[in-house]
Amino acid sequence: MQRIQYHEYGGPEVMRLEDFTPDAPGKGEVAVAVRYAAINPIDWKIRDGMMRIMTGRSFPRGMGMDLSGVVTAIGQGVTRFDVGDPVFGLARFKQTGALGESALAKEVALARKPDEVSFEDAACLGTPGVTAWNGLIDKAKLNAGQSVFINGCAGAVGEAAAQIARMSGAHVSGSCGADAMDRARSLGMLKVYDYRVTDPAKIAEDFDVVFDAAATLSTASGVGMLRKGGTYTTVDPTPARFLRAMLDRRVRPIVATPRADLLDMLAHAARDDGFRLPIARIVPLAEAIALIAAIEGGQKLRGKAVVAIG
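Please read these numbers as outputs of a predicted model, since none were measured by experiment.

About the cut-offs
- Residues numbered from 1 in each chain as written.
- Predicted model: local features only at pLDDT ≥ 70, side-chain atom pairs only at ≥ 80, totals over all residues.
- Heavy atoms only, no water.
- Helix = DSSP H or I, 4+ residues; strand = E, 2+ residues; numbered from the N terminus.
- Buried < 20%, exposed > 50% of the residue type's maximum accessible area, 1.4 Å probe, protein only.
- Contact = heavy atoms within 4.5 Å.
- Pairing = 2+ DSSP bridges.
- Phe/Tyr/Trp six-rings, centres within 6.5 Å; stacked < 30°, edge-to-face > 60°.
- Lys NZ or Arg CZ within 6 Å of the ring centre and 35° of its normal.
- Core = buried A, V, L, I, M, F, W, Y, C linked by side-chain atoms within 4.5 Å.

J.: Which parts of the structure should I look at to understand the environment of Ala122?
T.: Relative to the elements of secondary structure, Ala122 occurs in helix α3 (residues 119-123). A residue is classified by how much of its surface remains accessible, and Ala122, at 1% relative accessible area, is buried. Leave out the neighbours within four places in its chain, and Ala122 touches Ser68, Phe88, Lys113 and Val117.

Below you can see the structure in the form of structure tokens.
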């Protein structure tokens, strides 16, 4: 089979489309024939070696986290899936490999794909949906009627957060670029600000939850936007923020952590509430390296970049 992989940590130049022999699923793991994979910044952060303390030095390593496809084999102890089930979710974090014809995932990092949701749409839900849910529901304990501000509401995580917040009955505002404001309003956001014109920290309103999906708010600015008892969550979990979180219960850095119940809830939201992320471009596996390099180099897409594989 083929996948995009690399033999050393580094920039876009280390990626290769090569043949590989898939491993059999281990205990608690599922083998997936990948139909589609979605591209995320975490893909090149892992490849660059930014997380080598967790990912180690075993090569070659596959690229890609988010996938959809069909179960081809199950490991010992797997009870939630059978061969032939359509699924979506995240490949194993340490080994990744979604950008290939076959990938392994932990059982708890997959959900059954609803019939009403296409494979390409399902591939986009994993990392953004998990990150948004971790921040809003797990960390901030968001309740109906509360007010939420999403910094970066037009990115994948921001759009996922906006939809989850609305489905939770919250009142949602946010900031994004001027060209994306209409899209943000279509998601049911009450107020949308152009970040180039309005500094979110100077908005004359306090919020129950501030979700920094763009990783551009300082901790001081995020906390300063809160009303009493509020929570500031950010997708930029720096050591300084973890230290601050130990001393200040208002600060909650996010480390995306998939769980079976969480992925199942995202599946239900996609089936019953129309939870989706827009797709900007779909390319075949042979063109994926060039697309990853372009996005990593600064090319902007108004939606997710997806790779068609199976």
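J.: I'm lost on the pairing of strand β5 (residues 66-74) in this one. Help?
T.: In the sheet, strand β3 (residues 29-38) pairs with β5 via eight bridges, with the strands oriented antiparallel. Opposite Tyr36, over in β5, you have Ser68 as the bridge partner. Bridging between β5 and strand β6 (residues 86-90) involves five bridges; their strand directions are antiparallel. Within β6, the residue paired with Gly69 across the bridge is Val87.

J.: Sorry if this is basic, but what is going on with the packing of aromatic side chains here?
T.: As enumerated under the stated definition, the model contains five aromatic pairs in all. When the centroid spacing of 6.3 Å and the interplanar angle of 45° are considered together, the rings of Tyr6 and Tyr9 count as tilted. Taking relative accessible area as the criterion, Tyr9 reaches 13% and is therefore assigned buried. When the ring of Tyr9 is compared with that of Phe59, the centres are 5.0 Å apart and the planes differ by 75°; the resulting orientation is edge-to-face. Here Tyr9, found in the loop between β1 (2-6) and β2 (16-19), pairs with Phe59, found in the loop between α2 (52-55) and β4 (61-62); they are 50 residues apart in sequence, far enough to count as distant. An aromatic cluster of three or more residues is present, and its members are Tyr6, Tyr9 and Phe59. One residue, Arg3, lies across the ring of Phe20, its end atom 4.6 Å from the ring centre. Between the NZ or CZ atom of Arg35 and the centre of the ring of Phe119, over which it lies, the distance is 4.5 Å.

J.: Which parts of the structure should I look at to understand the nonpolar core?
T.: Grouped together as the largest cluster of nonpolar side chains are 87 residues, with contacts concentrated most on Leu136 and Ile150. If near-sequence neighbours (up to four positions away) are discounted, Ile150 is found in contact with Gly158, Ala161, Ala162, Val172, Ser173, Gly174, Ser175, Phe211 and Ala213. Counting residues in hydrophobic clusters, the runner-up holds 12 residues, among them Leu217, Val223, Ala245 and Val251.

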